[in-house]
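# Fold and contact review
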Amino acid sequence: MTTAKLHVTLPEEVWIGHVSASHPEAEFRVLAAFPAEETGVGLLEISSSDLRAVLETMDDQTGVAGFELHEAAEEMALVEFETTEPLLLTSIQEAGLPLQLPFTIEDSVATVEITASRERLDAFTTQLQLFEMPFDVEYVREMTSSESLLTDRQRELLDAAIEKGYYDTPRDCSLTDLAEATGVAKSTASETLHRVEEKIIKEYCER
């Protein structure tokens, strides 16, 4: 599996691209989104120092089939909307990706995180190109499973150490106790756990 973080520039011709570009100080957090028959429906949290102006701009967009204000404070509003231009949602769907929420939009740039196979990630970027939505990649990381990271013997000893409280604070199990319980020499237990810790720590830091 691959995890990636992308910054996608939304066209100004699309309503959310135009609204966010018109109010670059505003933050739009998409809390929920799903497709309807020919539209997309979503829940949007808007933060802005000029909230009224943002809502008025949004109301003027032909791509917004309708919206309902659920709550509003001085600089924050929760809006349910329906759009005839769900380009980003369509791109994610066409690539067969699960939508990871929330994601944010600021000054016409959507920041999205995706976890999927490399093939589906490639399909998503192809969709973005088809819809003429340029993007920057902040990072792409290959996810390594713990099963492939450790050998069976290392995992067995680590599981035993956790179960018996070797890593608890205060420690409920000494290295001698752990070695006796698992039937290995104390030096072997120490060496094995050190190798386990080295692998896990290095993998964590690389991620």
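Below is a short write-up of the structure.

Procedures and definitions
- Residues numbered from 1 in each chain as written.
- Predicted model: local features only at pLDDT ≥ 70, side-chain atom pairs only at ≥ 80, totals over all residues.
- Heavy atoms only, no water.
- Salt bridge = Lys/Arg side-chain N within 4 Å of Asp/Glu carboxyl O.
- Helix = DSSP H or I, 4+ residues; strand = E, 2+ residues; numbered from the N terminus.
- Pairing = 2+ DSSP bridges.
- Axes fitted to C-alpha atoms, helices over the stretch in contact; angles between N-to-C directions.
- Contact = heavy atoms within 4.5 Å.
- Phe/Tyr/Trp six-rings, centres within 6.5 Å; stacked < 30°, edge-to-face > 60°.
- Buried < 20%, exposed > 50% of the residue type's maximum accessible area, 1.4 Å probe, protein only.
- Lys NZ or Arg CZ within 6 Å of the ring centre and 35° of its normal.
- 1 Å grid on protein atoms, 1.4 Å probe; cavity = no way out; pocket = protein on both sides within 12 Å on 5 of 7 lines; lining within 4 Å.
- Points joined across faces, edges and corners; volume = space filled by probe spheres on them.
- Nonpolar A, V, L, I, M, F, W, Y, C, P; charged D, E, K, R; others polar.

### Regarding the pattern of salt bridges
All told, the structure shown has six salt bridges when counted by the stated rule. The closest approach of N and O atoms between Arg29 and Glu45, which form a salt bridge, is 3.3 Å. Taken together, the residues span a long stretch of sequence, with Arg29 in strand S2 (residues 27-35) and Glu45 in strand S3 (residues 40-47) at a distance of 16 residues.

### Thoughts on the sheet that holds strand S6 (residues 103-106)
Sheet architecture is open: eight strands sit in the order S4-S5-S3-S2-S6-S7-S1-S8, paired in antiparallel fashion. The sheet is open, and its two edges are formed by strand S4 (64-72) and strand S8 (135-142), each paired on a single side. The average angle at which neighbouring strand axes cross in this sheet is 25°, direction not considered. Here S3 runs beside strand S5 (residues 76-83); their pairing, made up of eight bridges, is antiparallel. Across the sheet, the residue bridging to Gly40 is Thr83, located in S5. Contacts from helix H4 (residues 118-130) reach strand S1 (2-9), strand S7 (109-116) and S8, with the element oriented near 5° to S1.

### Quick word on the packing of aromatic side chains
Under the counting rule described, the total for this entry stands at two aromatic pairs. Measuring from ring centre to ring centre gives 5.1 Å for Tyr166 and Tyr167, while their planes differ by 85°; the resulting arrangement is edge-to-face. With a relative accessible area of 35%, Tyr167 lands in the partly exposed category. The ring of Tyr166 is capped by Arg171, whose NZ or CZ atom sits 3.9 Å from the centre of that ring.

### Some thoughts on empty space enclosed by the protein
By the definition in use, this model includes two cavities of 30 Å³ or more. Reported here for the largest cavity is a volume of approximately 290 Å³. Around the largest cavity sit 24 residues that line it, and Phe81, Pro86, Leu88, Leu89 and Phe103 are the ones nearest its centre. Contributing elements (two or more residues each) for the lining of the largest cavity: helix H1 (15-22), S2, S3, S5, helix H3 (87-94) and S6. When its residues are assigned to classes, the lining of the largest cavity shows 20 nonpolar, three polar and one charged. Taken as a whole, the second largest cavity holds about 40 Å³ of empty space. Lining the second largest cavity, in full, are Ile92, Pro98, Leu99, Gln100, Phe103, Val112, Glu113 and Ile114. Broken down by element, the lining of the second largest cavity gets its largest block of residues, three residues, from S7. For the lining of the second largest cavity, a count of residues per class yields six nonpolar, one polar and one charged.

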